[in-house]
Amino acid sequence: MISQKEIIKTSLDKVEKILSNLLTGSDMEEHVNSMCLSVVKAGGKRIRPKLALASFYALNQKPEQNELVEYFAASCELLHTASLVHDDVIDKATIRRGVKTLNETDGNHAAVLAGDYLFTKCFLCLNNIKKPEIFTEINNTLATLVSGELAQLKNQNKLNISIDDYLQTIYSKTGALFELATSGSAIILECDENTVNAFKEYGKQLGIAFQVADDILDYSSDNEILGKSVGEDLIDGRVTLPLIYALQSVDNSDRSDLENAIKDGNFMKVLDYIVKTGSLEKSHQFALNAAKNAKKAIGFLDDSEYKDLLFSLADKAANRDK
């Protein structure tokens, strides 16, 4: 009997082939294909495709019906990669996944166009699925990603944002794409509305756990492990959960000192306050609670290796170290 790991690996290999085929073979588009393929192949963990596949098999354990979800999984990865390319331009990032970003190697104009090109490949990939509901979900997710970027720009350097404001931003930037990856498989399988909504909640909560853990790493990791520069959130004026907790925990005199350190971009002083107030531990507990909520959302599923995998992915999202 083929194991769950072998089935998921086989499907992920097919997703990789789909991605490669979409970005090769056209002489006219050779340069932009090469640029985009370098980003797609730059060491991503393929979490979104893996979530799409695991969700599909948790609902329908028939590997012979997997072609549609493999195309869907590839489209999710393309949408994610396109948004990263544009994010790097906006954030002026120079390193992503341990390698130079496209805006660093080819300039902002070329990077924006490459991101646009990846969006077109995402929608081309969806042609193989032929389900209007999936196109609607992709469009809604893309709109949410854009609104998330705009909200982040609006809240830049605002030290009084609430945890609710923060959660709305990270849902728009991260959670919505996880929500798409997990619920899309239920839509492809034409599950009932309650099942689709349960998988949306699972993806949303996993996305919260993932992003909070990412925000913790920006204050607790190092450049080599993280694959990008630590302290970028502070430099770019992003007020994330560890900083929100620190600001809420200090008294008035210390708050003034902390606010000045934030405005000056004094990473070590800000980090000292975050550590002293236990804000990293509080943020980690927040991520763990989100992972718990994710697992609760799909607790109704029949026991299987795929349900176990979905539970494990939620736990790993909250406990990631890079």
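Nothing here was measured: the structure is a model prediction, and the numbers come from that model.

Trainee: Would you mind going over helix α9 (residues 193–220) with me for this structure?
Mentor: Each turn of an α-helix holds 3.6 residues, which means side chains three or four residues apart point in the same direction. With 28 residues, α9 extends 40 Å between its outermost C-alpha atoms, agreeing within 8% with the 40 Å of an ideal straight helix rising 1.5 Å per residue. For α9, the buried fraction is high: 22 of the 28 residues fall into the buried class. One side-chain oxygen at the N-terminal end of α9 lies 3.0 Å from the backbone nitrogen of asparagine 194; it belongs to aspartate 192.

Trainee: What exactly am I supposed to notice about the side chain of glutamate 149 here?
Mentor: Its location among the elements puts glutamate 149 in helix α7 (residues 132–154). Among the polar contacts made by the side chain of glutamate 149, one reaches the side chain of lysine 173 at a distance of 2.8 Å. Look past the residues within four positions of glutamate 149 in its chain and what remains in contact with it is Asp87, Ile90 and Lys173.

Trainee: How do you make sense of the packing of helix α6 (residues 108–126) against α7 when you look at a structure like this?
Mentor: Packed helices, taken two at a time, are described by the angle between their axes plus the distance between the axes. Where α6 meets α7, the axes come as close as 10 Å, and the angle between the chain directions of the two elements is 160°. As the angle between them shows, α6 and α7 are arranged roughly antiparallel. Judged by the twist between their axes, the crossing of α6 over α7 is right-handed. In this structure, α6 contributes Phe119, Cys122, Phe123 and Leu126 to the contact, and α7 contributes Ile134, Phe135, Ile138, Asn139 and Leu142. In the contact of α6 with α7, the residues fall into eight nonpolar, one polar and no charged.

Trainee: Would you take a moment to explain the pattern of salt bridges for this structure?
Mentor: Opposite charge on two side chains permits them to pair, given that their charged atoms come into close proximity. For the structure on display, the rule yields 17 salt bridges. With its nearest N and O atoms 3.0 Å apart, the salt bridge here joins lysine 9 to aspartate 13. Here the residue lysine 9 and the residue aspartate 13 both occupy positions in helix α1 (residues 4–22), the gap between them amounting to four residues, near one helical turn. Owing to a relative accessible area of 41%, aspartate 13 belongs among the partly exposed residues under this scheme. The shortest N-O distance in the salt bridge between lysine 131 and glutamate 190 comes to 3.0 Å. Highlighted residues: lysine 131 in the loop between α6 and α7 and glutamate 190 in the loop between α8 (163–188) and α9, separated in sequence by 59 residues. Its relative accessible area of 14% is what places lysine 131 among the buried residues. Sharing partners across several salt bridges, the network here consists of Glu16, Lys41, Arg46 and Glu77.

Cut-off values and rules
Residues numbered from 1 in each chain as written. Predicted model: local features only at pLDDT ≥ 70, side-chain atom pairs only at ≥ 80, totals over all residues. Heavy atoms only, no water. Helix = DSSP H or I, 4+ residues; strand = E, 2+ residues; numbered from the N terminus. Expected span 1.5 Å × (residues − 1). Buried < 20%, exposed > 50% of the residue type's maximum accessible area, 1.4 Å probe, protein only. Polar contact = N/O pair within 3.5 Å; in protein donor to acceptor, adjacent residues only side chain to side chain. Contact = heavy atoms within 4.5 Å. Axes fitted to C-alpha atoms, helices over the stretch in contact; angles between N-to-C directions. Parallel < 35°, antiparallel > 145°, perpendicular 65-115°, else oblique. Left-handed = near helix turned anticlockwise from the far one by under 90°. Nonpolar A, V, L, I, M, F, W, Y, C, P; charged D, E, K, R; others polar. Salt bridge = Lys/Arg side-chain N within 4 Å of Asp/Glu carboxyl O.

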